[in-house]
Amino acid sequence: MLPMRLACGGLVLVALLGCSSKNEAAGGGVDRAAQLCLDTVNGYRATMKLAPYTLWTDALACSDGEALSDSQSMKAHGAFGTCGEHAQNECPNWPGPPEQLIPKCLAMMWAEGPGSDFSKHGHYLNMSSASYTQIACGFSNRDGATIWAVQNFR
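Here the structure is a predicted model, which is why all the values come from computation and not from measurement. (Residues numbered from 1 in each chain as written. Predicted model: local features only at pLDDT ≥ 70, side-chain atom pairs only at ≥ 80, totals over all residues. Heavy atoms only, no water.)

Caption draft 1: Structural detail: the pairing of strand E5 (residues 134-140). Of all 7 residues in E5, 7 are buried, a share of seventy percent or more. Here 2 bridges tie strand E3 (residues 54-55) to E5, and the two strands are oriented parallel to one another. In the sheet register, Leu 55 faces E5, and the bridge partner there is Ile 135. Inspection of the sheet shows E5 paired to strand E6 (residues 146-153) by 6 bridges, in the antiparallel sense. When the sheet's bridge partners are listed, Cys 137 is paired in E6 with Gln 151. Adjacent in sequence and paired antiparallel, E5 and E6 are bridged by 5 residues, among which Gly 144 carries a positive phi angle near 80°. (Buried < 20%, exposed > 50% of the residue type's maximum accessible area, 1.4 Å probe, protein only. Helix = DSSP H or I, 4+ residues; strand = E, 2+ residues; numbered from the N terminus. Pairing = 2+ DSSP bridges.)

Set out below in structure tokens:
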């Protein structure tokens, strides 16, 4: 299983088989789930020759908190705006592990495009925006069975 930062019991921690306090496998700060999220979105952006997003590291813990809040309320985008993001995509209540859900959920969002009608293509438009430059990916595995993943853009 891919190590990742998860919100467990209200604390932002790293999950391997449960929760621990440090993600050694991430190589010094950025966990592998956030990196996979960034790389996946940037892979799609590259197909359109768009500049890659950078990882909004200052908002990673806050994004975990939004995912945790949404998992508790069972409402996608319920905590939207808490981190100062301008747009948000969310993969609510997906079965894990993260290395499988992230590519599948982001592929589904990308497949909404192209198009300009936000109500039909909103996830795609956030992922392909030329207005945003950063992404923060947050995760919660509050119930131990499913994962809530948010992607915050600014």
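Caption draft 2: Here's a closer look at the state of the cysteines. With the rule as written, the count across this model stands at 3 disulfides. A disulfide bridge connects Cys 37 with Cys 137, and the sulfur atoms are separated by 2.0 Å. Taking the sign of the S-S torsion, about -70° here, the bridge from Cys 37 to Cys 137 comes out left-handed. Of this pair, Cys 37 sits in helix H1 (residues 32-46) while Cys 137 is found in strand E5, placing the two residues 100 residues apart along the sequence. Here the two residues Cys 37 and Cys 137 agree in accessibility, since each one is buried. With a sulfur-sulfur separation of 2.1 Å, Cys 62 is cross-linked through a disulfide to Cys 83. (Disulfide = S-S within 2.5 Å.)

Caption draft 3: Main features of the packing of helix H3 (residues 98-110) against helix H4 (residues 118-127). Running from amino to carboxyl end, H3 crosses H4 at an angle of 110°, the nearest separation of the two axes being 7 Å. Considering the angle they form, H3 stands roughly perpendicular to H4. Between H3 and H4, the contacting residues are Leu 106, Met 109 and Trp 110 on the first element and His 123, Tyr 124 and Met 127 on the second. Split by residue class, the contact of H3 with H4 holds 5 nonpolar, 1 polar and no charged. (Axes fitted to C-alpha atoms, helices over the stretch in contact; angles between N-to-C directions. Parallel < 35°, antiparallel > 145°, perpendicular 65-115°, else oblique. Contact = heavy atoms within 4.5 Å. Nonpolar A, V, L, I, M, F, W, Y, C, P; charged D, E, K, R; others polar.)

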